[in-house]
There are 2 protein chains.
Amino acid sequence: MSTHSIAFIGTGVMGRSMAGHLLQAGHTLHVHNRTKAKAQELLAAGATWHDTPGAAAAQADFVITIAGYPRDVEETYFGPQGVLAHARPGAVLIDMTTSSPELARRIAAAAPAHRCTALDAPVTGGDVGAREARLSIMVGGDEASFARARPLFERMGKIVVFQGGPGSGQLCKLANQIGIASVMMSWCEALSFAQRAGLDPARVLENIGGGAAGSVGMTVLAPRALRGDYAPGFYVKHFLKDLRLALEAAEVMKLDLPGTQTAKKLYDEVAARGWEDCGTQVLLRLYAERA
Amino acid sequence: MSTHSIAFIGTGVMGRSMAGHLLQAGHTLHVHNRTKAKAQELLAAGATWHDTPGAAAAQADFVITIAGYPRDVEETYFGPQGVLAHARPGAVLIDMTTSSPELARRIAAAAPAHRCTALDAPVTGGDVGAREARLSIMVGGDEASFARARPLFERMGKIVVFQGGPGSGQLCKLANQIGIASVMMSWCEALSFAQRAGLDPARVLENIGGGAAGSVGMTVLAPRALRGDYAPGFYVKHFLKDLRLALEAAEVMKLDLPGTQTAKKLYDEVAARGWEDCGTQVLLRLYAERA
């Protein structure tokens, strides 16, 4: 495999693991992060630090970004010290943040003026998937650039699928979050009902967990929620961001999503109770307390 | 294993397979069904026909019933030619229909006057699960009778769990149907969104089917719905019956189930379009046509 010079911007919980896999594969890594401390591990392993996104990008054939919110992505690409202003001609710019399809299209539209191409490539699989290189990566943008970037994606993920033109990766990710929304209600309502009826939820899970009501949420999150463990695998506040993006995109397409809307209202209630920094499984607690 | 004389009342798609497993295990089978033709296979294999539920029950240590609707169960147990009036003293009466917890409690309350005990033992797993003896069986009622009946359940199912007193099996089954309700919205909304956005749903499934949005519905039903195959694995009309039972039971317990209510409204729309005899996966079509 040929090795590349890669800029990796955003070395939080996800980015750190993902960048680590690229470093291990023998690529040269240029990193930047808002909080330098979170890049220490990568620097110790051989990555080079840069003080701005642009400075890191200037050294690279591939620029990978992964941030928290669309506004961070916007700053990272369009700011004066940003990626677009400083990237090399010929570079492939890859945003792996879960962000808006519209922003992905804006970056893709801006890239050619800098003689770059762009991909939007959000992921699912969480911190564990990132650590174990088992992410599912959904990619939109320029297909020839996808072909070039594919070996890098395959270092970070297990499932890598090209979804179509700019923004398609983000649209696929929003479809995923839409799917999660009703899955969360599914197991929370099944178990709330069981508990209210006086059944033992563990026995109920034994009977129904592997059947048509079964889901990853029921298998992985329900046991945590049942023992009162609301530690974040995935933050409520981030899920709400995703649901907002999804419902906005659906509205533009004039598509009614009653399940997702219902879930969004419930998570608004969750946030109103001050549980924004809990994991999404805290929804079970809402059902127990609200009715 | 000791063999028993078993009455099996209700030899439709599910009952036929389930009774077949008991016959194969060496038990003596007495059968009744509203439509005799549907019992032919079992009769050819050695079962004995009876013209009424009571006549079959009169020959048996265990009476198993599986019907379509709670009103059929009521008639089968409480009618003049029914199970209660004719069952032997000491018999265990087992209703495996998905029915109301309240009716299960009424049967259990009536049984002692006839020196019988009762179990409610609805199942999940569908026609395929019944055929392959891989059902999940959720049992409520008298625990000593459950211990006696357990070897029979284990011939018909793979997962057999005692859930508690009379009605608990039905409550667990309703929890299962509640779980299914939002799972159906989950994959239908994810794929409707993907299709409306111009993505290829098969590629989207590749990216998201194994992750946190994944479910049995997404894996098994989505591909059918996507190719316009609405053949019933599970009928819309039966699912609506179950959702009515579930929401009634939740109301009694003062538990609000917004997801299940939303799904119920959507399935009411499905029925209003005349798709009651389709499989539940026809919900995807509703999303495509309604917005």
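A quick note: this is a predicted structure, and the numbers were derived from the prediction, not measured.

## Considering the packing of helix α9 (residues 168-196) of chain B against helix α10 (residues 201-208) of chain B
Residues and elements named next belong to chain B.
Thought 1: Two elements in contact, α9 and α10, have axes whose closest approach is 9 Å; the angle formed by their N-to-C orientations is 130 degrees. Relative to α10, the element α9 lies oblique. Seen along the crossing, α9 lies across α10 with a hand that is right-handed. The segment α9 lies against α10, with Ala190, Leu191, Ala194 and Gln195 engaging Pro201, Val204, Leu205 and Ile208.

## Description of the packing of aromatic side chains
Thought 1: Applying the stated criterion across every chain, the model contains eight aromatic pairs over all chains.
Thought 2: Arranged with centres 5.2 Å apart and planes meeting at 35 degrees, the rings of A:Phe146 and A:Phe162 form a pair that is tilted. Of this pair, A:Phe146 sits in helix α8 (residues 143-156) while A:Phe162 sits in strand β9 (residues 157-164), and the two are 16 residues apart along the sequence. Summarising the burial analysis for this pair, A:Phe146 and A:Phe162 share the class buried.
Thought 3: Of the aromatic side chains, those joined through ring pairs into one cluster are A:Phe146, A:Phe153 and A:Phe162.
Thought 4: In this structure, A:Lys237 is placed above the aromatic ring of A:Tyr235, and the distance from its NZ or CZ to the ring centre is 4.9 Å.
Thought 5: Taking the ring centre of B:Tyr69 as reference, the NZ or CZ of B:Arg71 above it sits at 4.7 Å.

## A short note on the domain arrangement of chain A
Interface size, as often reported, equals the accessible area lost upon joining of the parts.
Residue and element names in this part refer to chain A.
Thought 1: One can read the domain layout of chain A as domain 1 (5-165) and domain 2 (171-290).
Thought 2: On a C-alpha basis, the centroid separation for the pair domain 1 and domain 2 is 29 Å.
Thought 3: Counting residues at the interface gives 13 residues for domain 1, matched by 10 residues for domain 2.
Thought 4: In this assembly, domain 1 packs against domain 2 so that about 970 Å² is buried in total across both faces, 68% of it on carbon and sulfur atoms.
Thought 5: Where domain 1 touches domain 2, the interface holds zero salt bridges.
Thought 6: The tally of links between domain 1 and domain 2 comes to four residue pairs in polar contact (both at pLDDT 80 or more).
Thought 7: Taken together, the elements giving at least two residues each to the side of domain 1 that touches domain 2 come down to α6 (101-110) and β7 (123-124).
Thought 8: Tallied by class, the residues present in the side of domain 1 that touches domain 2 amount to six nonpolar, six polar and one charged.

## Re helix α12 (residues 236-252) of chain B
Thought 1: Between its first and last C-alpha atoms α12(B) spans 24 Å; for 17 residues at 1.5 Å apiece the expected length is 24 Å, and the two agree.
Thought 2: Along α12(B), the residues that are buried comprise B:Val236, B:Phe239, B:Leu240, B:Lys241, B:Asp242, B:Leu243, B:Leu245, B:Ala246, B:Leu247, B:Ala249 and B:Ala250.
Thought 3: Each element contacted by the buried residues of α12(B) is listed here: α9 (168-196) of chain A together with α4 (70-78), α9 and α13 (258-272) of chain B.
Thought 4: Where α12(B) terminates, the next one or two residues include B:Lys254, which has phi positive at roughly 55 degrees.

## Describing the pairing of strand β5 (residues 92-95) of chain B
Residues and elements named next belong to chain B.
Thought 1: By the alternation rule, side chains of β5 split into Val92 and Ile94 and Leu93 and Asp95, which are all buried.
Thought 2: Across four bridges, the pairing between strand β4 (residues 62-65) and β5 is parallel. Paired with valine 63 across the strands is leucine 93, a residue of β5.
Thought 3: Two strands pair when backbone bridges link them, and β5 and strand β6 (residues 117-120) are joined in this way by four bridges, in the parallel orientation. In the sheet register, aspartate 95 faces β6, and the bridge partner there is aspartate 120.

## Comments concerning the nonpolar core
Thought 1: Within the largest apolar cluster, 99 residues are counted, with the highest numbers of intra-cluster contacts made by A:Trp187, A:Phe193, B:Trp187 and B:Phe193.
Thought 2: In this structure, B:Phe193 is in contact with A:Leu171, A:Leu174, A:Ala175, A:Ile178, A:Ala246, A:Ala249, A:Ala250, A:Met253, A:Leu255 and A:Leu257, ignoring residues within four places of it in sequence.

## Brief notes about the interface of chain A and chain B
Thought 1: Opposite the 58 residues of chain A that make contact, chain B presents 58 residues.
Thought 2: At the boundary of chain A with chain B, total buried surface from both sides reaches about 4,700 Å², with 65% on carbon and sulfur atoms.
Thought 3: Of all residues in chain A, the largest losses of buried area upon contact with chain B belong to A:Glu189, A:Phe193 and A:Asn207, amounting jointly to 16% of the total for that side.
Thought 4: Residue A:Arg290 is joined to B:Asp256 by a salt bridge in which the shortest nitrogen-to-oxygen separation is 2.9 Å.
Thought 5: At the boundary of chain A and chain B, one finds 23 residue pairs in polar contact (both at pLDDT 80 or more).
Thought 6: For the side of chain A that touches chain B, the secondary-structure elements that each account for two or more residues are β8 (135-141), β9, α9, α10 (201-208), α12 (236-252), α13 (258-272) and α14 (283-290) of chain A.
Thought 7: The leading source of residues in the side of chain A that touches chain B is α9(A), at 19 residues.

## Concerning the packing of α9(A) against α13(A)
Residues and elements named next belong to chain A.
Thought 1: Taken N-terminus to C-terminus, the directions of α9 and α13 make an angle of 65 degrees; their axes are 9 Å apart at the nearest point. With respect to each other, α9 and α13 are oriented roughly perpendicular. The interaxial crossing formed by α9 with α13 has left-handed handedness. Here Ile178, Ala181, Ser182, Met184 and Met185 of α9 come into contact with α13, specifically with Gly259, Thr260, Thr262, Ala263, Leu266 and Tyr267.

## Considering the pattern of salt bridges
All names here are of chain A.
Thought 1: The full count for this structure, using the stated rule, is 30 salt bridges over all chains.
Thought 2: A salt bridge links aspartate 72 to arginine 34; the nearest nitrogen and oxygen atoms lie 3.4 Å apart. With aspartate 72 in helix α4 (residues 70-78) and arginine 34 in the loop between β2 (28-32) and α2 (40-44), this pair connects stretches of sequence that are 38 residues apart.
Thought 3: Within this structure, Glu74, Glu102 and Arg106 form a network of salt bridges that share partners.

Parameters and conventions
- Residues numbered from 1 in each chain as written.
- Chains lettered and ligands numbered in written order.
- Predicted model: local features only at pLDDT ≥ 70, side-chain atom pairs only at ≥ 80, totals over all residues.
- Heavy atoms only, no water.
- Axes fitted to C-alpha atoms, helices over the stretch in contact; angles between N-to-C directions.
- Helix = DSSP H or I, 4+ residues; strand = E, 2+ residues; numbered from the N terminus.
- Parallel < 35°, antiparallel > 145°, perpendicular 65-115°, else oblique.
- Left-handed = near helix turned anticlockwise from the far one by under 90°.
- Contact = heavy atoms within 4.5 Å.
- Phe/Tyr/Trp six-rings, centres within 6.5 Å; stacked < 30°, edge-to-face > 60°.
- Buried < 20%, exposed > 50% of the residue type's maximum accessible area, 1.4 Å probe, protein only.
- Lys NZ or Arg CZ within 6 Å of the ring centre and 35° of its normal.
- Domains from an automatic or database assignment.
- Buried area = accessible area lost by both parts, 1.4 Å probe.
- Salt bridge = Lys/Arg side-chain N within 4 Å of Asp/Glu carboxyl O.
- Polar contact = N/O pair within 3.5 Å; in protein donor to acceptor, adjacent residues only side chain to side chain.
- Nonpolar A, V, L, I, M, F, W, Y, C, P; charged D, E, K, R; others polar.
- Expected span 1.5 Å × (residues − 1).
- Pairing = 2+ DSSP bridges.
- Core = buried A, V, L, I, M, F, W, Y, C linked by side-chain atoms within 4.5 Å.

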